[in-house]
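Descriptive structure summary
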Amino acid sequence: MSHSASLNRRRLNGHLWRALALCAITSVTTSGCNSNGDPQGPPPAPTATQTALPMATADTLTLTVWQSQQIQLERAIKQATALQRSVSTLLANPNTTTLQNTQQLWQQLALSLEPLAIVGALATTQYRHQDQQLRSDSDLDPQNTANWSTISLHHEYIATWPAELGFLDNNGIHGNTGLIFNLDITLNEETLKTRHRQTDRQEGVLGLYPLGLMLQGAQTPRQASQLRAVTALTPKHKALDLHSIDEHPHNRRRQLIAQQAQLLRHHLMQLKSQLFQRDSHSALNAFSQQTVAQQQTALVQAAQQLTAQQLQELTQYDDLPLWQQHWQYQRLHAQLTGLELWLGILGHNQQASLCQGLLGLLASHIAVLSTTTTTPTSPTSPTSPITATHHTPETQAKSDDHTLAPIDNTTLRQQLAGLTVALKQAIRISSSNTTK
């Protein structure tokens, strides 16, 4: 582990421990918000036929982990707000500067959000455990379950990976395909949620990476001219059977990007609200009912679930275009950085140290890809925003052929598999200590 990483952890942990006394109050005040983050008042009291879980006093470990999540989420929400404003500025005045500014803000948000990937894994594993309990114990009341499934849903809407631009827009290969050109589909929140991963995992509509693809492009870079509003139909447009300006691809593209940016912030606000509410049916309260050993087991199980998913993605999606391949490594680096922090908080230092070798490998992979996907003056640090070069169609076709820059990630996969096994062993040890 590097000296700077150790200093950063000590500094953050010091901040976390000083904030513990305020965490319970903060958890109450951040609960029950609407889509704009405005308080909606306390949750309704249980009915006479509904026995709520007792309110638990959160353990120090629980508060530390939740406080870490809160700090990261609040930072991400600020960045998502800035991104939404930048999208509005871009659509009001599409040019190279406003487009690049929006792309950079998207990149900063993505690198801030990915360290929270374990939140989705924790919600998923806890929801499955809760569902198994309900199936095995007929005396349990389904009305008294925690909100893990809602947390998992909002995280999925935020962090969908991978996504296929051809499902959304012209991807430079398959022509005018996707939602932009399907005039039978109205681009509103309801229909976008319906279409999101409706028939295939890569058919993502909402979240970081579908929005990133709309802003960046895939095989060819996004051009600001493709985002200019069309205010009147010409005879050429009418010859294409367009009946109103709302049907023009430029205007539908603008509408989709605006919806994606707005819903991304909305789901971040909802994730924060659901994660930090402190009523009797909240995830925080349910988690606080567990012993410290059970909490440790649950958190390490979530970490193992996350690394298993990362390993699957490296194997399953190894033929991505260069832009997505680059961000696959970027997001994996950010996720493992967050995971290393979590493992340090939990006291799993052996597993945390395994992350260091992985982070070094990822940094080298990112640097190799950056020579193709960034300008020579752009920063190539895994924690820095990456500015994509706008190539001509001829040079872009060459640079997007990922076979020209092959990356052997065999060692990366082996080390990630080793971390997954080490976490699985830690789960066994924690579980055996819990049952004693």
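Below you will find a few notes about this structure. Here the structure is a predicted model, which means the values were calculated and not measured.

**Here's the deal with the overall build of the protein chain**
- What the protein chain contains, in helices and strands, is 16 helices and zero strands.
- A total of 436 residues make up the protein chain; the buried ones form 52% of that total.
- Within the protein chain, residue pairs in contact and separated by at least 24 positions form 78% of the contacts whose partners lie at least 6 positions apart.
- Accessible surface for the protein chain amounts to roughly 19700 Å². Of this, 52% is attributable to carbon and sulfur atoms.

**Overview of the side chain of glutamine 274**
- In this structure, glutamine 274 sits in helix H10 (residues 249–276).
- Filtering out sequence-adjacent residues up to four positions away, glutamine 274 remains in contact with Asn147, Thr150, Ile151 and His154.

**A word on empty space enclosed by the protein**
- According to the stated counting rule, one finds three cavities of 30 Å³ or more in the structure shown.
- Looking at the second largest cavity, its volume works out to about 70 Å³.
- Around the second largest cavity, the lining residues are Leu113, Glu114, Leu116, His155, Ile158, Ala159, Leu208, Leu268 and Leu271.
- Within the residue set of the lining of the second largest cavity, elements represented by two or more residues are helix H5 (148–159) and H10.
- The element that contributes the greatest number of residues to the lining of the second largest cavity is H5, accounting for three residues.
- Across the lining of the second largest cavity, the residue classes break down as seven nonpolar, one polar and one charged.

**With respect to the environment of serine 136**
- Mapped onto the elements, serine 136 comes out in helix H4 (residues 117–136).
- A distance of 3.2 Å separates a polar side-chain atom of serine 136 from the backbone oxygen of glutamine 133.

**Considering the packing of helix H2 (residues 60–92) against helix H3 (residues 96–113)**
- Where H2 contacts H3, the two axes come as close as 9 Å, and the packing angle between them is 160°. The angle between H2 and H3 places the two elements in the roughly antiparallel class. Relative to H3, the crossing made by H2 is left-handed. Of the residues in H3, those touching H2 at Arg75, Ala76, Gln79, Ala80, Ala82, Leu83, Ser86, Val87, Thr89 and Leu90 are Thr98, Leu99, Asn101, Thr102, Leu105, Trp106, Gln108, Leu109, Ser112 and Leu113.
- Considering only residue class, the contact of H2 with H3 consists of 11 nonpolar, eight polar and one charged.

**Some points on the nonpolar core**
- Counting 100 residues, the largest nonpolar core has Trp66, Trp106, Trp148 and Leu336 as the members making the most contacts within it.
- When residues of this core are assigned to their parent elements, the largest contribution, 13 residues, is made by helix H13 (residues 322–346).
- Excluding its chain neighbours within four sequence positions, the residues that come into contact with leucine 336 are Gln310, Cys355, Leu358, Leu359, Leu362 and Leu419.

**Here's the deal with the packing of aromatic side chains**
- Here the structure, examined in full by the defined rule, presents six aromatic pairs.
- For the pair tryptophan 161 and tyrosine 209, a centre-to-centre distance of 4.8 Å together with 80° between the ring planes defines the contact as edge-to-face. With tryptophan 161 in the loop between H5 and helix H6 (165–168) and tyrosine 209 in helix H8 (residues 208–216), this residue pair connects regions lying 48 residues apart in the sequence. Like tyrosine 209, tryptophan 161 is buried.
- Three or more aromatic residues joined by ring pairs form one cluster here, namely Trp106, Trp161, Tyr209, Trp323 and Trp327.

**Describing the pattern of salt bridges**
- On inspection of all chains with the given rule, the structure shows eight salt bridges.
- Note that arginine 253 is salt-bridged to aspartate 169, the shortest N-O span being 2.6 Å. Pair noted here: arginine 253 is in helix H10 and aspartate 169 is in the loop between H6 and helix H7 (189–195), with a separation of 84 residues, a long-range link. As far as burial versus exposure is concerned, arginine 253 and aspartate 169 are alike and both buried.
- Among the ionic pairs, glutamate 189 bridges to lysine 193, the shortest N-O distance being 3.2 Å. Taken together, the residues glutamate 189 and lysine 193, both in helix H7 and four residues apart, mark about one turn of the helix.
- When its relative accessible area of 33% is taken as the criterion, glutamate 189 is described as partly exposed.

**What about the environment of phenylalanine 167?**
- Looking at where phenylalanine 167 falls in the secondary structure, it is placed in helix H6.
- Judged by relative accessible area, which is 18%, phenylalanine 167 ranks as buried.
- Not counting chain neighbours up to four residues away, the residues in contact with phenylalanine 167 comprise Gly178, Leu179, Arg195, Glu203, Gly204 and Val205.

**Side note on the environment of valine 300**
- By the element assignment, valine 300 lies in helix H12 (residues 292–316).
- Residue classification places valine 300 among the buried residues on the basis of a relative accessible area of 0%.
- Along the chain, valine 300 and tryptophan 342 lie 42 residues apart, while their C-alpha atoms are 9.2 Å from each other.
- The contact partners of valine 300, leaving out residues within four places of it in the chain, are Leu346, His348, Leu423, Ala426 and Ile427.

**With respect to the packing of H3 against H13**
- Contact geometry for H3 and H13: axes closest at 9 Å, N-to-C directions at 40°. Between H3 and H13, the crossing angle belongs to the class labelled oblique. Residues Trp106, Gln107, Ala110 and Leu111 of H3 pack against Trp323, Trp327, Gln330 and Ala334 of H13.

**Considering unusual backbone geometry**
- The amide bond that connects tryptophan 161 to the next residue, proline 162, takes the cis arrangement and shows omega of -10°.
- Mapped onto the fold, proline 162 is located in the loop between H5 and H6.
- Unusually for a residue other than glycine, arginine 197 sits at a positive phi of about 55°.
- Within the secondary structure layout, arginine 197 lies in the loop between H7 and H8.
- Taking the relative accessible area as the measure of exposure, arginine 197 reaches 19% and is therefore buried.

Rules of the game
- Numbers given for residues are sequential positions, taken from 1 along each chain in its written order.
- The predicted origin of the model limits local features to residues at a pLDDT of at least 70 and limits the giving and counting of side-chain atom pairs to 80 or more, whereas totals for whole chains, interfaces and linings rest on all residues.
- Excluding hydrogens and water, the side-chain values take into account all heavy atoms of the structure.
- Every helix listed is a DSSP run of H or I at least four residues long, and every strand listed is a run of E at least two residues long, numbered separately from the N terminus.
- Residue exposure (1.4 Å probe, protein chains only): buried if accessible area is under 20% of the type maximum, exposed if over 50%, otherwise partly exposed.
- Residue contacts are defined here by distance: any two heavy atoms, one from each residue, within 4.5 Å place the two residues in contact.
- Residue exposure ignores everything except the shown protein chains as possible cover, and the areas themselves are Shrake-Rupley values with a 1.4 Å probe.
- Using protein atoms alone on a 1 Å grid, points that fit a 1.4 Å probe yet trap it form a cavity, whereas open point sets bounded by protein on both sides within 12 Å along at least five of seven lines form a pocket; residues with an atom within 4 Å of a point count as lining.
- Grid points are joined across faces, edges and corners, and a volume is the space filled by probe spheres set on the points.
- For this classification, Asp, Glu, Lys and Arg are treated as charged, while Ala, Val, Leu, Ile, Met, Phe, Trp, Tyr, Cys and Pro are nonpolar and the rest, including Gly, are polar.
- For the purposes of these results, a polar contact is taken to be a pair of N or O atoms within 3.5 Å, where, inside protein, one atom must be able to donate a hydrogen and its partner to accept one; residues adjacent in sequence count only when each atom of the pair is a side-chain atom.
- All axes are obtained by fitting lines to C-alpha atoms, using only the stretch in contact for helices, and the reported angles, taken between N-to-C directions, cover 0 to 180 degrees.
- Reported orientations rely on four angle classes, namely roughly parallel under 35 degrees, roughly antiparallel over 145, roughly perpendicular from 65 to 115, and oblique for the rest.
- Left-handed describes a crossing whose near helix is turned anticlockwise from the far helix through less than a right angle; right-handed describes the clockwise counterpart.
- As used in this record, nonpolar core signifies buried Ala, Val, Leu, Ile, Met, Phe, Trp, Tyr and Cys residues forming a set joined through side-chain atoms within 4.5 Å.
- Any pair of Phe, Tyr and Trp rings, taking the six-membered ring for Trp, is counted once the centres come within 6.5 Å. Such a pair is stacked with planes under 30 degrees apart, edge-to-face with planes over 60 apart, and tilted for the rest.
- Salt bridge, as used here: a side-chain nitrogen of Lys or Arg that lies within 4 Å of a carboxyl oxygen of Asp or Glu.

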